[in-house]
Amino acid sequence: MDIANLVQATAGREQGKYFFVLETDGEYLLLADGKSRRIEAPKRKKQKHVRFIAESAAPVAEKIRSKEKITNSELRKAIAAYSGKENPDQEG
């Protein structure tokens with residue numbers, strides 16, 4: 001699993017939710033979705049408890065790969081765009 005991939009949790013209370021991989025740490029991943037798990041406090045989850053969804057080409061994924069500063073709003077919008085939801089937040 002690589003940094004900036006889009007994954008879906010398959011276990012735990014986050015089951016079914018989409019996340020971006022912010023970092024990898026051995027068998028663990030640091031995940032954030034910008035809403036329940038913000039960039040400031042990412043979720044630490046084992047790789048076997050997530051399912052690879054896509055290697056994202058979204059601008060936010062490029063920022064994650066290049067270690068640029070990203071916002072929670074950017075993560076929410078990228079995940080919403082993937083899952084097909086309209087208007088993920090009202091923050092602009």
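Refer to the preceding data block for the structure.
Since we're looking at a predicted model, the values are computed, not measured. (Residues numbered from 1 in each chain as written. Predicted model: local features only at pLDDT ≥ 70, side-chain atom pairs only at ≥ 80, totals over all residues. Heavy atoms only, no water.)

Chemist: Give me helix H2 (residues 72–83): which residues, what numbers.
Modeler: With 12 residues, H2 extends 17 Å between its outermost C-alpha atoms, agreeing within 8% with the 16 Å of an ideal straight helix rising 1.5 Å per residue. Within H2, burial applies to Asn72, Ser73, Leu75, Arg76, Ala78, Ile79 and Ala80. Phi turns positive one or two residues past the end of H2, at Gly84, with a value near 85°. (Helix = DSSP H or I, 4+ residues; strand = E, 2+ residues; numbered from the N terminus. Expected span 1.5 Å × (residues − 1). Buried < 20%, exposed > 50% of the residue type's maximum accessible area, 1.4 Å probe, protein only.)

Chemist: Help me get a handle on the pairing of strand E2 (residues 18–25), residues and values and all.
Modeler: Summarising the sheet, strand E1 (residues 5–9) and E2 pair through 3 bridges and their orientation is antiparallel. Across the sheet, Leu6 pairs through a bridge with Phe20, a residue of E2. Where E2 lies against strand E3 (residues 28–32), 5 bridges are found, and the strand directions are antiparallel. Of the residues in E3, the one forming a bridge with Thr24 is Leu29. Between E2 and the antiparallel strand that follows it, E3, lie 2 residues; Gly26 among them carries a positive phi value of about 65°. (Pairing = 2+ DSSP bridges.)

Chemist: Give a detailed account of unusual backbone geometry, specifying residues and quantitative values.
Modeler: The phi angle of most residues is negative, glycine excepted, and most peptide bonds adopt the trans form. Notably, Ala4 is not glycine yet its phi reads approximately 80°, a positive angle. Of note, Ala4 is situated in the segment before E1. Relative accessible area serves as the criterion here: at 0%, Ala4 is assigned to the buried category. Positive phi, close to 65°, is recorded for Lys67, a residue that is not glycine. Along the chain, the position of Lys67 falls in the loop between helix H1 (59–65) and H2. Since its relative accessible area comes to 58%, Lys67 is described here as exposed.

Chemist: Provide a residue-level description of the sheet that holds strand E4 (residues 43–46), including the pertinent values.
Modeler: One open sheet accounts for 5 strands, arranged E4-E3-E2-E1-E5; its pairing is antiparallel. Whereas interior strands pair on both sides, the edge strands pair on one side only; in this sheet they are E4 and strand E5 (50–55). Taking the axes of each pair of neighbouring strands and ignoring which way they run, one obtains an average angle of 45° across the sheet. Contacts from H2 reach E1, E2, E3 and E5, with the element oriented near 125° to E2. (Axes fitted to C-alpha atoms, helices over the stretch in contact; angles between N-to-C directions. Contact = heavy atoms within 4.5 Å.)

Chemist: Before we move on, could you go through the nonpolar core and cite the residues and values that matter?
Modeler: One finds Leu6, Phe20, Leu22, Val60, Ile64, Ile70 and Leu75 to be the most contacted residues of the largest nonpolar core, which totals 14 residues. Counting residues in each nonpolar core, the second largest holds 7 residues, with Val7, Ala9, Leu29 and Val50 among its members. (Core = buried A, V, L, I, M, F, W, Y, C linked by side-chain atoms within 4.5 Å.)

Chemist: Report on the environment of Lys77, specifying residues and quantitative values.
Modeler: Looking at the secondary structure, you find Lys77 in helix H2. With 30 residues separating them along the chain, Lys77 and Gln47 place their C-alpha atoms 24 Å apart.

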